[in-house]
Number of protein chains: 2
Amino acid sequence: MAPIDQEHGTTVLHRPADQHPPRTWRSWLIGRPLATADAPHQTIGKAIGLAVFASDALSSTAYATQEILFILAVAGTAAFGYAFPISIAIVVLLAIVVVSYEQTIHAYPNSASAYIVTRDNLGTLPSQTTGAALLTDYILTVAVSISSGVAQITSAYPDLYDFRVEIAVGMVALIMLINLRGVKESGVAFAIPTYFFLMMIFMTVITGLVRYLTGSLTGVVDPPHLELTEVAQPITLFLILHAFASGTTALTGVEAISDGVPAFKEPRTHNAGITLIWMASILGALFLGITFLAIQIGAIPSESETVISQLVRTAYDGRGILYLVTIASTTIILIMAANTAYADFPRLSALMAADGFLPRQLTYRGSRLVFSRGIIALGLLASLLIIIFQASVTALIPLYAIGVFLSFTLSQAGMAHRWWKIGQLAPGQEVQERGSVLRYDPGWRPKMVINGFGAVCTFIVMLIFAFTKFVHGAWIVLLLIPLLVMVLSGIHRHYQGLAKRLSLRNYQGDLRLTRHRVILLVGGVHQGTLAALRYARFLSDDITAVHVSINPDESQRIRNEWEKWGNGVRIVILESPYRLLLEPLLDYINDLDTRRQPGEIITVVVPQFVPRHWWHNLLHTQTAFMLRITLLFRPGIVITDVPYQVE
Amino acid sequence: MAPIDQEHGTTVLHRPADQHPPRTWRSWLIGRPLATADAPHQTIGKAIGLAVFASDALSSTAYATQEILFILAVAGTAAFGYAFPISIAIVVLLAIVVVSYEQTIHAYPNSASAYIVTRDNLGTLPSQTTGAALLTDYILTVAVSISSGVAQITSAYPDLYDFRVEIAVGMVALIMLINLRGVKESGVAFAIPTYFFLMMIFMTVITGLVRYLTGSLTGVVDPPHLELTEVAQPITLFLILHAFASGTTALTGVEAISDGVPAFKEPRTHNAGITLIWMASILGALFLGITFLAIQIGAIPSESETVISQLVRTAYDGRGILYLVTIASTTIILIMAANTAYADFPRLSALMAADGFLPRQLTYRGSRLVFSRGIIALGLLASLLIIIFQASVTALIPLYAIGVFLSFTLSQAGMAHRWWKIGQLAPGQEVQERGSVLRYDPGWRPKMVINGFGAVCTFIVMLIFAFTKFVHGAWIVLLLIPLLVMVLSGIHRHYQGLAKRLSLRNYQGDLRLTRHRVILLVGGVHQGTLAALRYARFLSDDITAVHVSINPDESQRIRNEWEKWGNGVRIVILESPYRLLLEPLLDYINDLDTRRQPGEIITVVVPQFVPRHWWHNLLHTQTAFMLRITLLFRPGIVITDVPYQVE
């Protein structure tokens, strides 16, 4: 360390970033600390971008079809035929959402995160609602993706079914650890498994389709048992809508690219937009293909074997090497989808914390430059969900997607409002508004209609989802989001109130301190007490030693010793008929407090014994600690413990 | 409060004991605090003394017979006949112990506790062994007595069997609470149930004997099923000794009177001695009677119904009102036996803590004048035992009694040694030795022989117990007691070492303090920081404000604001390339530390934000706290946090 910059009484000690802090158990676990200057600035192209941002969206094909079938199953296997038209409706919805988002990306080249779009266009309450919805959804993304990944594993190895919760929680912890290290070479590391998954799953779908066309596609051999709790119900509109709602989980993760626009190579909005359209096309094609084939082979939705597993082993005639490789790639893409949430959740919570709606600590980057606290919070919450819902995708689905559609709706509504404002500007006029520049655009009307239509569609879908899945768990999220918004507002009020009260604007300065009264707590007369006395004498001349007397004999001894060692400092003996230590002391301090002059400050000096081993503390009373807690709320009283180390 | 006594710079603030502290939830639970002056000084006569001290010993008749039968059962019901001769042997042992203790009472009129007798005559290691043995045994007394009490209840109401652990733990908690309140009117409160139990149980035994003599005593109707795990084993000497060992649990609690000599009316040793002999006679008669009758009616030892229950319902021909009243009185006496341990354990641990072998806190009397910490410790440990051993008396018995016989042996050996020392004195000579006066006694030889014989007998019984019950659980205690002795010695060494290092004997006084360097931690410039600055300026003129810079923009802002508000105090900005807060600060302090002049002290002043609600702390970093923990072990550095309360 060397002082470099010195002016006006200010010294800045620069510390070169190559002086690495020492290794600890933590650095062994998550890697050496990274300097702030090391933050990565690399950008990525479209092909890598697809790999990085699309895993969440693409991986939903692993469970969306199955969840549609689960709902239709209550009307018997005959109802499975409805799955394909439902899938087509979902793909249409996907197209609407993607077109709407494409416009958003171009309007917000820095970050088209739904939170920012809502905040900048609709204000605090909608943006906090979006924030709460997204945070909830990121947690669910981890829980659902990992649970589905584990379901793929247990489909291949049914013996592991009983350990699904443990495996899932272990995976959440592993991904947490990886993210705490920080993923620097994310691009290539993501591209390989994503493209491998796409290759394997397309191969499966194409093989299936070819065999279907050539008539060699058989039904599922030895399908799982269809668990029907009641007699088959009639097919109602409600049932169809319910199945549709389950299928919309295929759309989760579509927003990832719009959050990550700044990561793309220039022209970044153009590249991000193209990538979004690629991703949507692949997702739509895969989803339709899988649903179509699942119906053809008579796949049965089940907790014990996933529909994907049934499809793959039917296409390849058994659990051979191709089956295992495909299932493995599906599992990996699902885990990577969870990984996406580990990037999104901490980033969003840091954003919200910077706005003062979440604890400030979430804005601190940890030793590896990642938002460690957010990563840990996400890991714990997702593990909790997995344990509560026993790693069942079907049980988790009713909680999922509401948040996604709520944030879709609010951000698209925000965009529509934004186009309307642009329409009010004079041609050529530019207005700087919060995070973005509003510039007149003659095509504002159709753009407003597109975003508005997107908002209306996703809003309707959200209502369908909430309504059809209300009793199955959607109520939890419908309760949780307003609750979260209340907490966020409470935190915001706290920070705002605090800033106001601590502000130096119009601050006149307090009364000058005029008297410093020092109270030295004496439990016994020994070297530690004398060290504290020496310190106290340095603070002020106005010292009173105070001893709380529980045992009169001992008090007499202390009086005698104090006469010898107390350096003339007066001592007050407080009798304690009820053998209490703190209470007489507090009474005494109260008494001084009420007779305090303006500008007088009281310091209580407590000799604190520091043992060699922490467990030695069990053998000593923790007076200083108790006193500090009790007096913390009193203005003008400072507790100082003078530690004396016994060597 | 009024200062009364003032001399030589000493003020004593008397506080009248009638100024009761305010009521709290604790005072509601355990009663209002009692003043030290309220400690009871009443003494009791023989009849009340018997009731107060004998419940532990007398209550063992409720399980001793059953435990003998449990062991003999492995040789089949035919072996039950051996129970009576075994009981006679146990009564003989009782007589030996009582005669031996009678002598001890006269020698130690203040307290003939085995711990004190051993400490004063045999030294530290034996006395700590006795202490460890007795503490272990008190815990077991609670566990065994309560478990047996609950077994009586579940004998009468078999439906409650599944809840036995819950009931037992609940009872332990209840007795703990009663003892935390303090039992003031103990005498009468104890006399009624004790004499009621004696009346009921003697009535049962006499009814049984009369019916036996008139030939109208039947066998047990519908006895519990005898649980035999293997084929009947032959009757071996080992088996007989094993059954004998189980029966010796009848002797537990005999030492209670010798611990309580000072509570008796004068002539107290005489009265205590007479009471001891009464108690032993009653105990012996009851034990023999119960064992004799149990064999005659063919009682079966069982976890589901106690032998006492079988005996009572056979004597009274069924579960009538007499049965219920007798069982109820047995349950109550067992609970009172547990209560005895609640008096003994805290008293002994306070004694050992005063000698420096247990944490000092155990010597503090709580608000109700009782040793609250010892009471709570006993309650928790006994509950733990009950849970581990599922409230089974038979499972707990192998752990019991070793401690009792070990302390018997050591205290009688101590007495024998004492008589030998007395024998070495000249006639008429008196020697003050630790707690007692040694005075020449011409009858020292026979007295030494009696105590010596007592020591040898109890030692042999202890060996028999340890040997026959080793695998069943005695090994736990044989391991635990040396371990406990090691812990006790460790604690003693800690206190002794500390006293030596803190001692003012040969203390020359430390270096005078010459320089006070104050470091003010600045996280931001606001009213709280300025309050801390005001305080720091009062401490010393040598102040340096220190800011750890994670974000350069923010640091620049702080520099600017400090120029305006910092009152000319110089500020040091510590750059933190790894975004760490504590480490750069510690480096800086280290640096100052190494360049420190002799007699220089460093105070680190940390502005600490005190929120209105404790949970607001979650929204703030706890720098002061972390810093205190980290710097605690550094000599010459004092951390002062100046709290600023936000109102």
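Residues numbered from 1 in each chain as written. Chains lettered and ligands numbered in written order. Predicted model: local features only at pLDDT ≥ 70, side-chain atom pairs only at ≥ 80, totals over all residues. Heavy atoms only, no water.

### Considering the overall build of chain A
Note the following rule: What counts as a helix is a DSSP run of H or I of at least four residues, what counts as a strand is a run of E of at least two, and both are numbered from the N terminus. Here the term buried applies to any residue with accessible area under 20% of the maximum for its type, exposed to any over 50%, and partly exposed to those in between, with areas from a 1.4 Å probe on protein chains only. Should any heavy atoms of two residues lie within 4.5 Å, those residues are counted as being in contact. Here the open area of atoms and residues is found with the Shrake-Rupley method and a 1.4 Å probe, where only the protein chains shown may cover a residue.
On a plain count of helices and strands, chain A comes out with 22 helices and nine strands. Here chain A, with 647 residues, has 57% of them falling under the buried criterion. Taking all contacts inside chain A whose residues are at least 6 apart in sequence as the whole, residues at least 24 apart take part in 79%. Accessible surface for chain A amounts to roughly 27200 Å². Of this, 64% is attributable to carbon and sulfur atoms.

### A word on empty space enclosed by the protein
If a probe as big as a water molecule is rolled over the atoms, it shows which places are left empty. Applicable threshold: Grid spacing is 1 Å over the protein atoms alone, the probe is 1.4 Å, and a cavity is where that probe fits but cannot get out, while a pocket is an open set with protein on both sides within 12 Å along at least five of seven lines and lining residues have an atom within 4 Å of a point. Grid points are joined across faces, edges and corners, and a volume is the space filled by probe spheres set on the points. Put simply, Ala, Val, Leu, Ile, Met, Phe, Trp, Tyr, Cys and Pro go in the nonpolar bin, Asp, Glu, Lys and Arg in the charged bin, and everything else, Gly too, in the polar bin.
Under the definition given, this model contains 12 cavities of 30 Å³ or more. What lines the largest cavity is a set of 14 residues, among which Ser147, Ala151, Glu303, Ala391 and Val393 of chain A lie closest to the centre. Counting only elements with at least two residues in the lining of the largest cavity, the list comes to helix H6 (124-156) and helix H15 (393-396) of chain A. The biggest single contributor to the lining of the largest cavity is H6 of chain A, with four residues. Taken together, the residues of the lining of the largest cavity sort by class into five nonpolar, seven polar and two charged. There is about 80 Å³ of room inside the second largest cavity. Every residue lining the second largest cavity is counted, 13 residues in all, and those nearest its centre are Ser147, Ala151, Glu303, Ala391 and Val393 of chain B. At four residues, helix H6 (residues 124-156) of chain B tops the list of elements feeding residues into the lining of the second largest cavity.

### Overview of the packing of aromatic side chains
For clarity, the cut-off: Side-chain rings of Phe, Tyr and Trp (the six-membered ring for Trp) are treated as a pair once their centres are within 6.5 Å; stacked means planes under 30 degrees apart, edge-to-face means over 60, and tilted covers the remaining angles. Only Lys NZ and Arg CZ are tested; either one counts as a charge over a ring when it is within 6 Å of the ring centre and within 35 degrees of the ring normal.
Evaluation of the coordinates by the stated rule reveals 12 aromatic pairs over all chains. Here the guanidinium or amino end of Lys469 of chain A rests over the ring plane of Phe465 of chain A, the centre of that ring lying 5.9 Å away.

### Quick word on the pairing of strand S6 (residues 543-549) of chain B
All names here are of chain B. Stated precisely, the cut-off is as follows: Here, a strand pair is defined by DSSP locating no fewer than two bridges between the strands. The definition of a right-handed crossover adopted here requires that, viewed with the strands pointing away, the path from the first strand over the helix to the second runs clockwise.
Most of S6 is tucked away, with seven of its seven residues classed as buried. Residues Ile543, Ala545, His547 and Ser549 of S6 are buried on one face, and the alternating residues Thr544, Val546 and Val548, pointing to the opposite face, are buried as well. Direction of pairing for strand S5 (residues 515-521) relative to S6: parallel, over a ladder of four bridges. Bridging from a neighbouring strand, Ile519 pairs with Thr544 of S6. In this view, the connection linking S5 to its parallel neighbour S6 by way of helix H19 (residues 527-539) has right-handed handedness. Two strands pair when backbone bridges link them, and S6 and strand S7 (residues 570-575) are joined in this way by six bridges, in the parallel orientation. Bridging from a neighbouring strand, Ala545 pairs with Ile571 of S7.

### Re the side chain of Glu67 of chain B
All names here are of chain B. Stated formally: Residues counted as positive are Lys and Arg, residues counted as negative are Asp and Glu, and His and the chain ends are not counted. We define a salt bridge as a contact between a side-chain nitrogen of Lys or Arg and a carboxyl oxygen of Asp or Glu at a distance within 4 Å.
Residue position: Glu67 is located in helix H3 (residues 64-72). For the buried Glu67, no salt bridge exists, and the shortest N-O distance to an oppositely charged side chain is 6.3 Å, to Lys469. In this view, Glu67 contacts Ser246, Val393, Thr394 and Ile397; residues no more than four positions away in its chain are not counted.

### Notes on the environment of Glu575 of chain B
Relative to the assigned elements, Glu575 of chain B resides in strand S7. Along the primary structure Glu575 of chain B and Ile550 of chain B are separated by 25 residues, whereas in three dimensions their C-alpha atoms are 6.7 Å apart.

### Topic: H3 of chain B
Residue and element names in this part refer to chain B. Counting buried positions along H3 yields nine of nine residues, so the element is predominantly enclosed. Along H3, the residues classified as buried are Ala64, Thr65, Gln66, Glu67, Ile68, Leu69, Phe70, Ile71 and Leu72. Packing partners of the buried residues in H3 comprise helix H4 (83-107), helix H9 (237-247), helix H11 (268-296), helix H12 (307-315) and helix H15 (393-396).

### Observations regarding the nonpolar core
Keep this limit in mind: Residues belong to a common nonpolar core when they are buried Ala, Val, Leu, Ile, Met, Phe, Trp, Tyr or Cys residues joined through side-chain atoms within 4.5 Å.
In terms of nonpolar packing, the biggest core is built from 149 residues, with Leu72, Val142, Ile146, Val254 and Met279 of chain B touching the most fellow members. Judged by nonpolar contacts, the second largest core, of 148 residues, contains Phe287, Ala299, Ala474 and Ile481 of chain A.

### Re the pattern of salt bridges
This structure, assessed with the given rule, holds 28 salt bridges over all chains. In this structure, the salt-bridge partner of Glu600 of chain B is Arg515 of chain B, at a minimum N-O distance of 3.9 Å. With a gap of 85 residues between them, Glu600 of chain B in strand S8 (residues 600-610) and Arg515 of chain B in strand S5 connect regions that are remote in the sequence. Exposure remark for Glu600 of chain B: the relative accessible area of 5% places this residue in the buried category. Through salt bridges with shared partners, one network takes in Arg515, Arg517, Asp542 and Glu600 of chain A.

### Here we look at the packing of helix H5 (residues 114-122) of chain A against H6 of chain A
Residue and element names in this part refer to chain A. What counts, and what does not: Lines fitted to the C-alpha atoms define the axes, with helices restricted to the stretch that makes contact. Angles between their N-to-C directions range from 0 to 180 degrees. With respect to orientation, any angle under 35 degrees is reported as roughly parallel, any angle over 145 as roughly antiparallel, any angle of 65 to 115 as roughly perpendicular, and every other angle as oblique.
Direction vectors running N to C along H5 and H6 enclose 170 degrees, while the axes themselves pass 7 Å from each other. By the angle between their directions, the pair H5 and H6 is classed as roughly antiparallel. Here Ala114, Tyr115, Thr118, Arg119 and Leu122 of H5 come into contact with H6, specifically with Thr124, Pro126, Ser127, Gln128, Thr130, Gly131 and Leu134. Taken together, the residues of the contact of H5 with H6 sort by class into five nonpolar, six polar and one charged.

### Here's the deal with the environment of Leu348 of chain A
Residues and elements named next belong to chain A. The topology assignment puts Leu348 in helix H13 (residues 321-354). Among the residues examined, Leu348 registers a relative accessible area of 5% and is labelled buried. Linking Leu348 and Leu135, residues 213 residues apart in sequence, is a C-alpha distance of 7.6 Å. The contact partners of Leu348, leaving out residues within four places of it in the chain, are Tyr115, Gly131, Leu134, Leu135 and Tyr138.

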